[in-house]
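# A structural walkthrough
Each chain, letter by letter, is given below.
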2 protein chains.
Amino acid sequence: MLCVVDVPRAIKPVDFLEKPRPEVAREAVERGVSEHRCVIIIGACEVSYRGRASSKLELGERVVFIKEDGALLVHRPSQYSPVNWMPPQCLYETRTVGNSLVIKAVRRKPSEAIEITFNRIHAIATLTLTDRGEFSLYASEEEMGEAIKSDPNLIEPDLRLTSMEKKVEPGFIDLYGTDKQGRLVVIEVKRTTAGRRAATQLARYVEAIKQHTNRKVRGILVAPNISKETKTLLATLNIEFKQLSPRRCAETLNRKRERETLDKYARNTKMD
Amino acid sequence: MLCVVDVPRAIKPVDFLEKPRPEVAREAVERGVSEHRCVIIIGACEVSYRGRASSKLELGERVVFIKEDGALLVHRPSQYSPVNWMPPQCLYETRTVGNSLVIKAVRRKPSEAIEITFNRIHAIATLTLTDRGEFSLYASEEEMGEAIKSDPNLIEPDLRLTSMEKKVEPGFIDLYGTDKQGRLVVIEVKRTTAGRRAATQLARYVEAIKQHTNRKVRGILVAPNISKETKTLLATLNIEFKQLSPRRCAETLNRKRERETLDKYARNTKMD
DNA sequence: GTTTCCATTTCGTCA
DNA sequence: TGACGAAGTGGAAAC
């Protein structure tokens, strides 16, 4: 029987070299890259790039960051953007020329190459980073519902929503309203790609509403996108689809909150 | 008499802290930021952002890079783009909570804020970088001159240039030649928007040439573009403007170099 | 794969 | 300072 134990890793998370000689630096970079570790080089360098464009960066002190996947960033001491870079999956080649370390990275399709020449290296850090953390951007499903309620134009013009907030099924936020032509509108929101489940759920709900009214009832499925099969299903069920991303909703909410803050401030100053 | 000596700077280019305790780390970040130095923090952190959008990044090991101007980057071990960031000019606030270091950065207009919580810090590097190197995308001023010499059609048809390369003023490359109608042509090249200086400089040069010849002399200012006031000045000085971008020049040079490489290859294979 | 469109776009230039 | 457009745009989704 195989026994798996949690062995502490032999490699330190951060290996730091201060003022390494060129050959030592070269070896550190070469090893770091081949072992798919992150390598950060701090020093004075020149950079030339040739590929989708051409560029030349004169001598200066910068931070060069090579990532596990081969992505490369050359950062100056200021500004958000790297002055030079290479996308992930590029190939590396290092050499020393006199007292300098030369790092060359190339990529095919599109063909491009960068060459960085360090004539002085302050430090090199080689990192072993473990990052499995999930990154979630923008709004939750609930926040999407809030955003639509606060600005129904996200769905269509002249739509008026009544805040009912009744949940038909856990995890789905439903909105009711009336459109420009006075038809009832039932909306179901999904934060990710809408699947069959969401479509049939909404269809059942539309049918239920129709039992209690003589007015026309529209069903609108709102989601950042939709699978092809669900799309055909929607056509069969006579339900509409409205594309809307959590990001867009978050923007709307943020604007709304900003307005509210401003209003509050205005009221407060007025009261003084 | 004042005596200037080359004093080694008191601040080391790289200050490195390995596994600093939270309070030590906090102080290092606080000082680095207030002294407008670059600060790189390597460790395990969570990140939340609220502003133009909202986001949440779960625990994981990352590199956080704060630049001299306050720009902040949170980089995961892979990918080109930072997972979170803040633009330059944002304000910082640090604190320790239990064994964690919290870094908060805020900005107005648009209102946004990021909060990074490190529950483990592998290392902090504080950097003092000097970077005055010029970055030129596409062709340099000199290369623009080369491109024009190799293909005068970039300026106008039937222009013939004699390679004189005499510099009138540092940073300006001048080209001389003869146009279709036998007039002398004096060209001044600027890599960026042409200003008043370039115009008057060229005008003086044209006048100087006129002293030594009976032929008509044209002055052409070559630049990617020109300010409105400089344009009116050019009219007064009777100098022409030819729009030409470093990009176009770089493309011309690249094609030329490609041709040369192909020719060389053709010759070599022929000799085999 | 290629194309299209969005972005916490960033970054410059100009009015 | 705000508006407009380009970018070695990058990145995701659609086709």
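Further up the page is the structure itself.
The paragraphs below set out a description of the structure included in this document. Everything quoted here is computed from the prediction, not taken from an experiment.

## A short note on the interface of chain B and chain A
If you look at the interface, chain B gives 59 residues, while chain A gives 59 residues. For the pair chain B and chain A, the summed buried area comes to about 4,900 Å², and 55% of that belongs to carbon and sulfur atoms. One can count six salt bridges joining chain B with chain A. Where chain B touches chain A, the interface holds 28 residue pairs in polar contact (both at pLDDT 80 or more). Among the elements of the structure, β1 (14–18), β2 (38–50), β3 (54–66), β4 (72–75), β5 (84–86), β8 (112–127), β9 (135–137) and α5 (246–271) of chain B are those that each provide at least two residues to the side of chain B that touches chain A. Tallying contributions element by element places β3 of chain B first for the side of chain B that touches chain A, with 11 residues. For the side of chain B that touches chain A, the class distribution of residues is 26 nonpolar, 16 polar and 17 charged. Bridge count between strand β9 (residues 135–137) of chain A and β3 of chain B: three bridges; the pairing is antiparallel. Looking at the pairing, leucine 137 of chain A lines up with serine 55 of chain B of β3 of chain B.

## Here we look at the packing of aromatic side chains
If you walk through the whole model with that rule in mind, you get five aromatic pairs over all chains. Centre to centre, the rings of phenylalanine 16 of chain A and phenylalanine 16 of chain B are 3.4 Å apart; their planes meet at 5 degrees, and the pair counts as stacked. Here phenylalanine 16 of chain A, found in strand β1 (residues 14–18), pairs with phenylalanine 16 of chain B, found in strand β1, and the two come from separate chains. Note on phenylalanine 16 of chain B: relative accessible area 21%, which makes it partly exposed. The lysine or arginine in question, lysine 67 of chain A, covers the ring of phenylalanine 65 of chain A, its NZ or CZ lying 5.6 Å from the ring centre.

## Focus on the protein's contact with DNA strand D
As a matter of local geometry, DNA strand D sits amid 16 residues, with Asn84, Trp85 and Asn225 of chain A together with Ser81 and Lys109 of chain B nearest to it. Near the protein, meaning within 4 Å, the atoms of DNA strand D are sugar or phosphate in a fraction of 72%, with bases accounting for the rest. At a separation of 2.4 Å, a base nitrogen of DNA strand D approaches a polar backbone atom of tryptophan 85 of chain A. Looking at the surface near DNA strand D, the element that brings in the most residues is strand β5 (residues 84–86) of chain A, giving three residues. Looking at side-chain class alone, the surface near DNA strand D contains eight nonpolar, four polar and four charged residues.

The rules behind the values
Residues numbered from 1 in each chain as written. Chains lettered and ligands numbered in written order. Predicted model: local features only at pLDDT ≥ 70, side-chain atom pairs only at ≥ 80, totals over all residues. Heavy atoms only, no water. Contact = heavy atoms within 4.5 Å. Buried area = accessible area lost by both parts, 1.4 Å probe. Salt bridge = Lys/Arg side-chain N within 4 Å of Asp/Glu carboxyl O. Polar contact = N/O pair within 3.5 Å; in protein donor to acceptor, adjacent residues only side chain to side chain. Helix = DSSP H or I, 4+ residues; strand = E, 2+ residues; numbered from the N terminus. Nonpolar A, V, L, I, M, F, W, Y, C, P; charged D, E, K, R; others polar. Pairing = 2+ DSSP bridges. Phe/Tyr/Trp six-rings, centres within 6.5 Å; stacked < 30°, edge-to-face > 60°. Buried < 20%, exposed > 50% of the residue type's maximum accessible area, 1.4 Å probe, protein only. Lys NZ or Arg CZ within 6 Å of the ring centre and 35° of its normal. Near = heavy atom within 4 Å.

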